[in-house]
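Take a look at the letters that make up each chain.
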Amino acid sequence: MYWHAWRLPPEPLPPGVPAAAQGWWALRFTPRVALLDEALLLEVQSTERLWGGRAALRALLRAQAPGSGPEAAQDWAEGPTALQALALLRQTRLGGPPPRRLPHDLPLATLTALRPHAQALQHLGCRSWGDLRALPRAGLARRFGAACLLALDQAWGDAPHGLTWITLPERFALELELSALVESAPALLMAGQRLLDALQGWLRARQQGVLALELAWRHDLRRVDGVDLPPWQSLELRTAEPLQAMAH
């Protein structure tokens, strides 16, 4: 296996948008996509050949990942296991030098299961995954618990790491709860952009385009200037050909 780890946007998702929507865009490239901590994990070895090899797939992912900007180089990492890719992503974000030996030289704090015990392990002389792996396993299990050793084995690739794969809903229908009263069309469209971004990821993963979509909104107010308002209003959009470009 070979993995990519992509940093998820730091801002929280609006109420109503499922966490899995952050990974829909990646399902176009591989069916094995999962969320773990602050990252999106992609297993890509099984599909690299379909995209022209590892380098070509890497370039496609970097071109189509949401939010690619000046710091894009710090937003992803790759490695032979999911936890190694995640650890390298964390080290890159912290500005640390690349490890001379992978995974031996990765710092303890880059593995989630070791973070609560990092200070105690440093008192034992452990500062890296390799230091910890060299200690007697029985004593480590008694003092820090078997979960730490299991996570280390999973990170090393010696134990299976079960992840929950993201799946696409058959029908795209999302609702977004606004955080404040919206009184203008531009403000409403800014909120709707989050739904359109999710729709684009869904379309790309299904390799389909949209011919028609409907944006609907509910009114909290019942009357404006003495005129009754309907509970709901909507706007239907149609295109002449199937599209994935939400800007259009």
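In case you missed it, the structure is sitting above this.
All of the points below concern the structure found in this document.

## With respect to the side chain of Gln154
The residue Gln154 is located in helix 6 (residues 146-156) in this model. Gln154 gets classed as buried once you look at its relative accessible area, which sits at 15%. The residues contacting Gln154, other than those within four sequence positions of it, are Thr81, Leu83, Ala159, Pro160 and His161.

## A few points about the environment of Ala134
Within the fold, Ala134 resides in the loop between helix 4 (129-133) and helix 5 (137-144). Assessed through its relative accessible area of 64%, Ala134 is described here as exposed. Residues Ala134 and Gln154, spaced 20 residues apart in sequence, show a C-alpha to C-alpha distance of 16 Å.

## Comments concerning the pairing of strand 3 (residues 39-43)
Of all 5 residues making up strand 3, 5 are buried, and the element is well covered by its neighbours. Residues Ala39, Leu41 and Glu43 of strand 3 are buried on one face, and the alternating residues Leu40 and Leu42, pointing to the opposite face, are buried as well. Here strand 1 (residues 3-7) pairs with strand 3 via 5 bridges, running antiparallel. Note on strand 3: the bridge partner recorded for His4 is Leu42. Relative to strand 3, strand 2 (residues 33-36) runs antiparallel, the two being bridged by 4 bridges. Bridging from a neighbouring strand, Val33 pairs with Leu42 of strand 3. Turn length for the strand 2-strand 3 hairpin, with the two strands adjacent in sequence and antiparallel, is 2 residues, and the turn residue Asp37 shows positive phi of about 55°.

## Some details on the sheet that holds strand 2
The antiparallel open sheet is built from 4 strands, whose spatial order is 2-3-1-4. Whereas interior strands pair on both sides, the edge strands pair on one side only; in this sheet they are strand 2 and strand 4 (76-79). Between one strand axis and the next, the sheet turns through 25° on average, direction left out of account. Relative to strand 4, strand 1 is paired through 4 bridges, and the arrangement is antiparallel. Along strand 4, the bridge assignment pairs Trp6 with Trp76. Helix-sheet contacts for helix 2 (residues 82-94) involve strand 1, strand 2, strand 3 and strand 4, and the interaxial angle to strand 1 is about 40°.

Calculation rules
Residues numbered from 1 in each chain as written. Predicted model: local features only at pLDDT ≥ 70, side-chain atom pairs only at ≥ 80, totals over all residues. Heavy atoms only, no water. Helix = DSSP H or I, 4+ residues; strand = E, 2+ residues; numbered from the N terminus. Buried < 20%, exposed > 50% of the residue type's maximum accessible area, 1.4 Å probe, protein only. Contact = heavy atoms within 4.5 Å. Pairing = 2+ DSSP bridges. Axes fitted to C-alpha atoms, helices over the stretch in contact; angles between N-to-C directions.

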